[in-house]
Amino acid sequence: MTVCCFGAIHLDTLVHASRAIRPETSTPGAFSTRPGGVATNVARGLARLGSEVLLAGALGNDPEAGVLRDWLARERIRLLEVRREDAPTGRYIALHDPDGSLPAAVVDARITDTLDAGAFCADMAAASSASLWFLDANLPEEVLDRLCTTAGSRRIAADAVSRAKAGRLRPVLPRLDMLFCNRAEAQVILGEENGARELPGTRHLATALVRAGVRACLVSDGGADLVVATADGCVGIPVPQPERIHDVTGAGDALVAGTLRAIETGLDLPSAAACGLRAAALTLASPGAVSDALCWSAIAPPTPASTAGARRSYKPGPSGARRTPANGDRT
């Protein structure tokens, strides 16, 4: 399988504090630096799982861009780069408490937020070799729309990224074969953020997204069951709990990578989602957004699963025949 991932390419600085982080004072901790951004994390995960991967995104004219180019090349990810002189390479800083939770994070994503609609036109010939396009909502709405139009009958998966950016996917919902989001992001996409004390249930949200045109969606809600929905109904997939959480960075992106790779092996969507959840659990127990332990044998189902109807259910038909996870924000 060849996948082209479109979206954010960041240099992440991950901080693991040795005690609970408190405001207005410094806290001892350890720093590490590695690639990040939702599309980048998904691309790196897919590469570890055996997929051929292209990554399309923007880099600046700065040392951080060079670090990212070298790192991604070592991981055999082909970079389709939009080079910009007018903005710095994206940066993300995450502050983790000793229990792995994320009390604060800051992202500078101006280089991606300000891409114009034709940003990837020069890369379309290379991207056309991919049978699946993955889009993250770090991309501006006009870029998402242009890519969905250009894709033709190619399969498209997308990730909502955060509550602040999830709404960018609303206009392209009928073009999505698969949508990954958490409960809060689903509310944003559906316009159901009304401040009510009782939040809509995950199954309600997943069903509503399918009615809005998405062919399949996976809606997460922290440690509660992952809800997988299609026109045939909803199913809850239990979320495995790691013995220890190192940090939450990248868990949702690992869910995406594991699920997409599993579908390409012929698994039905619920079985593929279970593989994705195992990838997420590996990531929660590891430092950084992509676990060093991630490989297909680590997340594959213990016994072969039936593939009957799997491709038929989630592969798009001709273009005119379409119907009109971890819960924290990601970058």
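Residues numbered from 1 in each chain as written. Predicted model: local features only at pLDDT ≥ 70, side-chain atom pairs only at ≥ 80, totals over all residues. Heavy atoms only, no water.

1. Some words on the environment of Leu135
No. 1: Note that Leu135 resides in strand S8 (residues 132-136).
No. 2: For Leu135, a relative accessible area of 1% translates into the label buried.
No. 3: In this structure the C-alpha to C-alpha distance between Leu135 and Gly7, which are 128 residues apart in sequence, comes to 6.1 Å.
No. 4: The contacts of Leu135, once residues within four sequence positions are left out, are Phe6, Leu144, Leu147, Cys148, Ile156, Ala157, Ala158 and Asp159. (Helix = DSSP H or I, 4+ residues; strand = E, 2+ residues; numbered from the N terminus. Buried < 20%, exposed > 50% of the residue type's maximum accessible area, 1.4 Å probe, protein only. Contact = heavy atoms within 4.5 Å.)

2. Some points on the packing of helix H1 (residues 38-48) against helix H8 (residues 251-264)
No. 1: Direction vectors running N to C along H1 and H8 enclose 45°, while the axes themselves pass 8 Å from each other. Here H1 lies oblique to H8, going by the angle between them. For H1 against H8, the interelement crossing comes out right-handed. Side by side, H1 and H8 meet where Val38, Asn41, Val42, Gly45 and Leu46 of the first sit next to Asp253, Val256, Ala257, Leu260 and Arg261 of the second.
No. 2: Among the residues making up the contact of H1 with H8, the classes are represented as 6 nonpolar, 2 polar and 2 charged. (Axes fitted to C-alpha atoms, helices over the stretch in contact; angles between N-to-C directions. Parallel < 35°, antiparallel > 145°, perpendicular 65-115°, else oblique. Left-handed = near helix turned anticlockwise from the far one by under 90°. Nonpolar A, V, L, I, M, F, W, Y, C, P; charged D, E, K, R; others polar.)

3. Re the pairing of strand S9 (residues 155-159)
No. 1: Burial analysis of S9 places 5 of its 5 residues in the buried class, which makes it a mostly covered element.
No. 2: Covered by surrounding structure in S9 are Arg155, Ala157 and Asp159 together with Ile156 and Ala158, the residues of both alternating faces.
No. 3: The sheet contact formed by S8 and S9 spans 5 bridges and is parallel. Note on S9: the bridge partner recorded for Phe134 is Ala157.
No. 4: Sheet topology note: the S9/strand S10 (residues 178-182) ladder contains 3 bridges and is parallel. When the bridges of S10 are listed, Ala157 appears paired with Met178. (Pairing = 2+ DSSP bridges.)

4. Things to note about the confidence of the model for the protein
No. 1: Counting all residues, the mean pLDDT for the protein is 89, and 89% of those residues have values of 70 or more.
No. 2: Note on residues 305-327: pLDDT under 50 across the span, and 58 contacts to partners over four residues away in sequence or across chains. (pLDDT = per-residue confidence, 0-100.)

5. Focus on the side chain of Asn138
No. 1: Here Asn138 shows up in the loop between S8 and helix H5 (141-150).
No. 2: In this structure the side chain of Asn138 is engaged in a polar contact, spanning 2.6 Å, whose partner is the side chain of Lys165. (Polar contact = N/O pair within 3.5 Å; in protein donor to acceptor, adjacent residues only side chain to side chain.)

6. Focus: the state of the cysteines
No. 1: Counting across every chain of the model gives 0 disulfides.
No. 2: Left unpaired, Cys217 is separated from the closest cysteine sulfur, that of Cys181, by 6.2 Å. (Disulfide = S-S within 2.5 Å.)

7. Focus on the sheet that holds S9
No. 1: Pairing is mixed in the open sheet, where 9 strands are placed in the order S5-S4-S1-S8-S9-S10-S11-S12-S13. Here the strands that pair on one side only, and so sit at the sheet edges, are strand S5 (78-83) and strand S13 (233-237). Neighbour-to-neighbour, the strand axes of the sheet open up by a mean angle of 15°, direction not taken into account.

8. A closer look at the sheet that holds strand S6 (residues 90-96)
No. 1: Here we have 4 strands laid out as an open sheet, ordered S3-S2-S6-S7, and mixed in their pairing. Each of the sheet's edge strands pairs with one partner strand only, and the pair in question is strand S3 (29-36) and strand S7 (104-108). Between one strand axis and the next, the sheet turns by 15° as a mean value, whatever way the strands run.
No. 2: Where strand S2 (residues 10-17) meets S6, 7 bridges bridge the pair, whose relative direction is parallel. Looking at S6, one finds that His10 is bridged to Gly90.
No. 3: Sitting on the sheet, H1 is in contact with S2 and S3, with an inclination near 80° to S3.

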